[in-house]
Structures are given as structure tokens and as C-alpha cells.
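Residue strings, one per chain:
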Amino acid sequence: MNNQAVPLRRIVPARLAGFVGPVVRDDDGIIEAMAARHASWNPAQLVNRLPLTARLYESVWRVRSLGLLAGRPFPVGEELAELAAALQPALDGGGVVLDVACSEGLYGRHLAHGGAEVVLIDHSRPFLRRALQRCAAEGIDGRVDAVRALAAHLPFADGSVDAAVMGGSLNEIGDEAAALAEMVRVLRPGGRLFCMSLVPADAGPARLAQLLAAPNGIRFPTAARTVAWLGSSMRLVEERCDGIVLRITAEKLADRPSSGPGPDAG
Ligand SMILES: C[S@@+](CC[C@H](N)C(=O)[O-])C[C@H]1O[C@@H](n2cnc3c(N)ncnc32)[C@H](O)[C@@H]1O
């Protein structure tokens, strides 16, 4: 008789292969992975932890906002088509994507519909709960996981994902450089990053709105600064700006073997 114990196996989907730590889902289905050290929360981040914000954000504000901010009609369908096209070379119908600071997971859900395996990341539990509900309602919950974590401390191994996206969150994230550096770190060579953010307005109502938003911790880094934060391991593929709406696509360069001292050395 074979008395060998059958080891208990935890079934971990491929999208969590690079996850650092035990994959334990709480009662809401969310994987808790907040770093021990908390960022100091700004007012915008605190508001985003309210269930009411999570319920209203996407349908009331998100789907209209780019049209208002771009100064031209900019329907959400156009934004999502741009996102999918930007990532296509890295995903090609599949692959693993992190949607960082996802809110209700607008980007991640769209990419999951296109066949990607998606990990939604946010610090706000109400937003992650809402995102998972929407995934279930849309029939894509089998391709999505939700992880509660800080953008500046992504609980994924180096080079473990095919794409990392961030839609509109750079402006409130608090530590923009660290968040982008983390997205770059977890990308595999050839992996792609897509980031939509708002740049400074020169004048008019947008400038006034930005001044009023500043005390809430909202910041508006320039395009040049945002690109510089990506660092030298990324190749800029595309930079587009409509009004104050910036979209950046970049690709992680292949690891280059150390070539030793250059011709001028010595
Ligand atoms: C403007 S909303 C993002 C919208 C979403 N990406 C989209 O495209 O619809 C900002 C989101 O960033 C999240 N967030 C802000 N700071 C964060 C941080 N440091 N780490 C993780 N999530 C953060 C908020 O909880 C909120 O869900």
C-alpha cells in the first residue's frame, strides 16, 4: 500500500509566478501585500479609500475626464485602443500585465478581455473589491487577480511581467520616481510600459484646477521629467500629448552583457 502523503499544493495562476510572498486571498479575494512601511497618505489617497469614491469614480468621472482635459473629444474607447496597440508587441494576445494603481481596473479589464493575464494593484481595498466585482460581472475573473500593495513597493520579482500600465495615477501616487522605477524593475526585457498622466497646464481653467488640486497632494510632472524617471534601461517608443493628457509607451531594453571598459579607458 502506498502511504505517502500527497503534498498539499497551492494552485497559483501563471500571472502570479513572479509574486513575492505567499499567495493568500482574503474573504474578498484580495491578496494582501502592503509593505510594512506605509507611505504618508495625501488627501487624494485618503479619499480613494472611501467606498463611495470607489463606487462612483469610473462611471461618473473617469469615462468623461480625458475629453475635458485633452481639449478635444477623447472617448475612453480611443484611450483603450491606444493602450492595447501600445502593448501589443509585448503581449501578442496573452502575457502578464500589472495594472498599477488601478482603481476599478479600467486598463486591466480591457487587457484581460484581449486575452492577457492581469494583476490589479492598488492600496485602496474598496477600489480592489469594486474592480473584482466588475471583473466577475464581465466574465473575466478567471484571468485577473487583485493585490493590495503600494506602487513604490511592487511585490513582484525582477523581470517577471510582460507589461506594466498606469492610468492617471502618477499624479497622486506620492512617490512618482519610485513607482515608475518599480514598474521598470518588474518588466522583462522587451516588456512594455504604458503610462497616462496629466502634465502642467500653462493657463486657463486647467491651470486653476491644478493649483486647487495641489493641496490634496496632486502633482503634475512634465513629460520630460516623467520620461527621465524611466531611466536608461527603457527605450521610449512613443510620447503623445493632447492638452494636458500625456501618454508614454516605453520598452525595456534587452540585458546587455557587460562589455568591459570602453575604448577610451586606460
Ligand atoms: C486617478 S485613480 C486611477 C485610475 C485608474 N488607473 C484608471 O485608469 O481608471 C488613482 C488610483 O491610484 C491609487 N493610488 C494612489 N496612490 C497609490 C499608491 N501609492 N500605491 C498604490 N495605489 C495608489 C488610488 O487608490 C486610486 O485608485
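Keep in mind that this is a model prediction, so the values were computed, not measured.

Analysis parameters
- Residues numbered from 1 in each chain as written.
- Predicted model: local features only at pLDDT ≥ 70, side-chain atom pairs only at ≥ 80, totals over all residues.
- Helix = DSSP H or I, 4+ residues; strand = E, 2+ residues; numbered from the N terminus.
- Rg over C-alpha atoms; globule rule 2.2 N^0.38 Å.
- Expected span 1.5 Å × (residues − 1).
- Buried ≥ 20, exposed ≤ 12 C-beta atoms within 10 Å, placed from the backbone.
- Contact = placed C-beta atoms within 7 Å.
- Near = placed C-beta within 6 Å.
- Axes fitted to C-alpha atoms, helices over the stretch in contact; angles between N-to-C directions.
- Parallel < 35°, antiparallel > 145°, perpendicular 65-115°, else oblique.
- Left-handed = near helix turned anticlockwise from the far one by under 90°.
- Core = buried A, V, L, I, M, F, W, Y, C linked by C-beta atoms within 7 Å.
- Pairing = 2+ DSSP bridges.

## Topic: the overall build of the protein chain
Logical step 1: Looking only at helices and strands, one finds 8 helices and 8 strands in the protein chain.
Logical step 2: In terms of overall dimensions, the protein chain is globule-like: its C-alpha atoms have a radius of gyration of 19 Å, near the 18 Å expected for 266 residues.
Logical step 3: Seen through its C-alpha atoms, the protein chain measures out along the principal axes to roughly 80 × 65 × 35 Å.

## So, helix α5 (residues 125–137)
Logical step 1: For α5, with 13 residues, the first-to-last C-alpha span of 18 Å sits near the 18 Å given by 1.5 Å per residue.
Logical step 2: Looking only at α5, the buried set comprises Phe127, Leu128, Arg130, Ala131, Leu132 and Cys135.
Logical step 3: Contacts made by the buried residues of α5 are with β1 (30–32), α2 (51–70), α4 (106–113), β3 (117–122) and β4 (144–148).
Logical step 4: Phi turns positive one or two residues past the end of α5, at glycine 139, with a value near 75°.

## Section: the site of the ligand
Logical step 1: Taken together, 22 residues lie near the ligand, and Asn48, Ala101, Ser103, Ser124 and Gly167 sit nearest.
Logical step 2: When contributions to the shell around the ligand are tallied by element, the ones reaching two or more residues are α2 and α4.

## So, the packing of helix α3 (residues 76–91) against α4
Logical step 1: Contact pair α3 / α4: the axes reach a minimum separation of 10 Å and the direction vectors enclose 60°. The orientation of α3 with respect to α4, classified from their angle, is oblique. For the pair α3 and α4, the crossing hand works out as right-handed. Here Leu80, Leu83 and Ala84 of α3 lie close against α4, whose contacting residues are Tyr107, His110 and Leu111.

## Thoughts on the nonpolar core
Logical step 1: The biggest cluster of nonpolar side chains holds 67 residues, and the ones touching the most others in it are Val97, Leu98, Val100, Ile121, Ala164 and Met183.
Logical step 2: In terms of residues, this core owes the most to one element, strand β6 (residues 187–198), which gives 6 residues.
Logical step 3: Other than its neighbours up to four places away in sequence, alanine 164 contacts Leu98, Val100, Met183, Val186, Leu187 and Leu193.

## Some remarks on the sheet that holds strand β8 (residues 245–252)
Logical step 1: Read across the sheet, 8 strands follow the order β1-β4-β3-β2-β5-β6-β8-β7 without closing on themselves; strand pairing throughout is mixed. The sheet is open, and its two borders are formed by β1 and β7 (234–242), each paired with just one other strand. Across this sheet, the average inter-strand angle for adjacent strands is 20°, counted without regard to direction.
Logical step 2: Note: strand β5 (residues 161–167) against β6, 6 bridges, orientation parallel. For valine 165, the partnering residue across the bridge sits in β6 and is phenylalanine 194.
Logical step 3: Contacts from α3 reach β2 (96–100), β5, β6, β7 and β8 within the one sheet, and its direction differs from that of β6 by about 170°.

## Structural notes on the environment of cysteine 135
Logical step 1: Relative to the helices and strands, cysteine 135 is located in helix α5.
Logical step 2: Among all residues touching cysteine 135, those that are not within four sequence positions of it are Gly105, Arg109, Ile140, Asp141 and Val144.

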